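# Close look at the chain arrangement
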Amino acid sequence: RVEHPAGGYKKLFETVEELSSPITAHVTGRIPTWLRGSLLRCGPGLFEVGAEPFYHLFDGQALLHKFDFKEGHVTYHRRFVRTDAYVRAMTEKRIVITEFGTYAYPDPCKNIFSRFFSYFKGVEVTDNALVNVYPVGEDYYACTETNFITKINPDTLETIKQVDLCKYISVNGATAHPHVENDGTVYNIGNCFGKNFSLAYNIIRIPPLQADKEDPMNKSEVVVQFPCSDRFKPSYVHSFGLTPNYIVFVETPVKINLLKFLSSWSLWGANYMDCFESNETMGVWLHVAEKKKGRLLNIKYRTSAFNLFHHINTFEDNGFLIVDLCTWKGFEFVYNYLYLANLRANWDEVKRQAEKAPQPEARRYVLPLRIDKADTGKNLVTLPYTTATATLRSDETIWLEPEVIFSGPRHAFEFPQINYKKYGGKPYTYTYGLGLNHFVPDRLCKLNVKTKETWVWQEPDSYPSEPIFVSHPDALEEDDGVVLSIVISPGAGPKPAYLLILNAKDMSEVARAEVEVNIPVTFHGLFKRA
């Protein structure tokens, strides 16, 4: 177990300046000649506006990062996304839009009457696109989890325009984890108002770019609607599972209290975090729909409580769905532990906090698709390679018990990535993850989900980001390729950060490209081939 008494991880949460033009990175080792393109990543880069701090990990203003690879040379560039939240904060020199965990106070310049009336405008929803970037047709969007996504230029990192999903489709928001199929079709999920005012979840599909070159967003449609376990309180949803024939939605006990969400926040100084609560009795409900027909399967899968942010992968096998997840045990919301004050604390305090938090575990659940009432009381899973079970109960629910694929005390396998282009939604063997040590990212991990064998890259006082797998152009095997991660190493030497390239087979270092600037935490991103 590695310790971090020097607290170098605090540098992950420090404000940085954007760059006016790309800078050259200093390469050690050899960049593979076939690696051509850009690594694009999103995260917070501004953690206060003047004297006003942001309080939560998901509040800092969105910074878009790019590492460019060309003929063995590497450059680094970054720009703040010109969201409404950012532009207005810069203009007024204060926090103007309420963020996930930071309330924006009303304009001190307004008089009492205009303040009173702005109470009834409702909430101005943030467009702070700090979570991920993804392609739609030929366009690229930076996103958070609200109804606003931001179109960006992947070459210059300039902001093109804000897009309101509500104008195209009936959702109140969408996750930062859409599934993008090889033909360019995009699937996502978001909360919506279903029939007779009750809440539901819509799966939306955005088709690939057609010959007419019209913006695919104009052709988005709802594929299927999942019901909500509580008509007034939707669950927080961060990602979902997709296979060639099925959509899997995991409904967790972390709930959004809509009455709080829709009431005037400005009256009581609230933010998004204040609207979450846990349902302590429901456990977890899993829902399955047929992708092509958009038909809900009437099977009620149930299991004990966990938080879920990231699906690893989902695939079909012989009448079963195999659903691999990064879970956190229990119903208490993990985001309660991600306030910047916690994350910037000294190491002993960081550890003390993490002891109280839900514990991480990577799990495999197996969902039977064919149910026979005659099997009541029995385990329906007949696959030879898993210990996961699914027991049909007399009330016709199916109780699931998982197979644990990775577990270590307060050591999470998180931010999972796979060889998505070839193995997304299909049987697979390997996943790459970011190892969190008491919430501090301090290693990169490869996991064989069949044998549970692991490979680790770790260096003292080094803090990596989500590993992105890039397949070799002539790959024959699932793990032929490299893994890319942005690492900060504040203690060691003159270079505060670097882009790390690992051999995906054994997680050994191939090369690194060092830069002279600090790089704060990034959450998600993609590799765009040249």
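Residues numbered from 1 in each chain as written. Predicted model: local features only at pLDDT ≥ 70, side-chain atom pairs only at ≥ 80, totals over all residues. Heavy atoms only, no water.

## Concerning the overall build of the protein chain
Formally: The helix count covers DSSP runs of H or I at least four residues long, the strand count covers runs of E at least two residues long, and both are numbered beginning at the N terminus. Radius of gyration here is computed from C-alpha atoms only, and the compact-globule reference equals 2.2 Å multiplied by the residue count raised to the power 0.38. With a 1.4 Å probe rolled over the protein chains alone, any residue whose accessible area is under 20% of its type maximum counts as buried; one over 50% counts as exposed, and the rest are partly exposed. Residue contacts are counted whenever heavy atoms from the two residues lie within 4.5 Å of one another. Accessibility throughout is a Shrake-Rupley quantity obtained with a 1.4 Å probe, and a residue counts as covered only by protein chains that appear here. By the counting scheme adopted, Arg and Lys are positive, Glu and Asp are negative, and His together with the chain ends is not counted. Throughout, a charge is located at the NZ atom of Lys, the CZ atom of Arg, the CG atom of Asp or the CD atom of Glu.
Helix and strand content of the protein chain: seven helices and 37 strands. Relative to a compact globule of 530 residues, whose C-alpha radius of gyration would be 24 Å, the protein chain shows 23 Å and is just as compact. Each principal axis of the C-alpha distribution contributes one length, and for the protein chain these read about 65 × 65 × 60 Å. A buried classification covers 59% of the 530 residues belonging to the protein chain. Summarising the internal contacts of the protein chain: among those between residues at least 6 apart in sequence, 62% fall at separations of at least 24. Per element, the accessible surface of the protein chain, about 21,600 Å² overall, is 53% carbon and sulfur. When the 58 basic and 62 acidic side-chain charges of the protein chain are each reduced to a single mean position, those positions are 2 Å apart.

## With respect to the side chain of K151
Assignment of secondary structure puts K151 in strand β10 (residues 148-152). With residues near it in sequence (within four places) discarded, K151 still touches D139, Y140, Y141, T159, I160 and K161.

## Some words on the UniProt feature "binding site: Fe cation" (unreviewed entry) in the protein chain
The test is simple: UniProt positions are given in the numbering used here, feature names are shortened, and annotations may be inferred rather than shown by experiment.
Here the UniProt-annotated "binding site: Fe cation" (unreviewed entry) positions come out as H177, H238, H310 and H524. Across 348 residues of sequence, these annotated residues stay compact in space, with a maximum C-alpha separation of 12.6 Å. Looking at the element boundaries, H177 is found in the loop between β11 (159-164) and β12 (179-180). Residues in contact with H177, not counting those within four places in the same chain, are N132, N188, H238, S239, F240, H310 and H524. Its location among the elements puts H310 in strand β23 (residues 306-317). Residue classification places H310 among the buried residues on the basis of a relative accessible area of 7%.

## A short note on the sheet that holds strand β35 (residues 497-503)
Formally: Pairs of strands are assigned from DSSP output, requiring at least two bridges between the strands. Note on geometry: axes are C-alpha line fits, over the in-contact stretch for helices, and angles between N-to-C directions span 0 to 180 degrees.
Strand order in the open sheet formed by five strands is β2-β36-β35-β34-β33, and the pairing between neighbours is antiparallel. The open sheet is flanked by β2 (26-29) and β33 (468-471), the only strands paired with a single partner. The mean inter-strand angle of the sheet, taken between neighbouring strand axes irrespective of direction, is 20°. Relative to strand β34 (residues 481-488), β33 is paired through four bridges, and the arrangement is antiparallel. By the bridge assignment, F469 is partnered in β34 with V483.

## A word on the pairing of strand β24 (residues 320-329)
Across the ten residues that make up β24, a large majority, nine, are buried. One ladder, built from ten bridges, connects β23 with β24; its direction is antiparallel. Looking at the pairing, N313 lines up with D324 of β24. Across nine bridges, β24 lies against strand β25 (residues 360-368) in antiparallel orientation.

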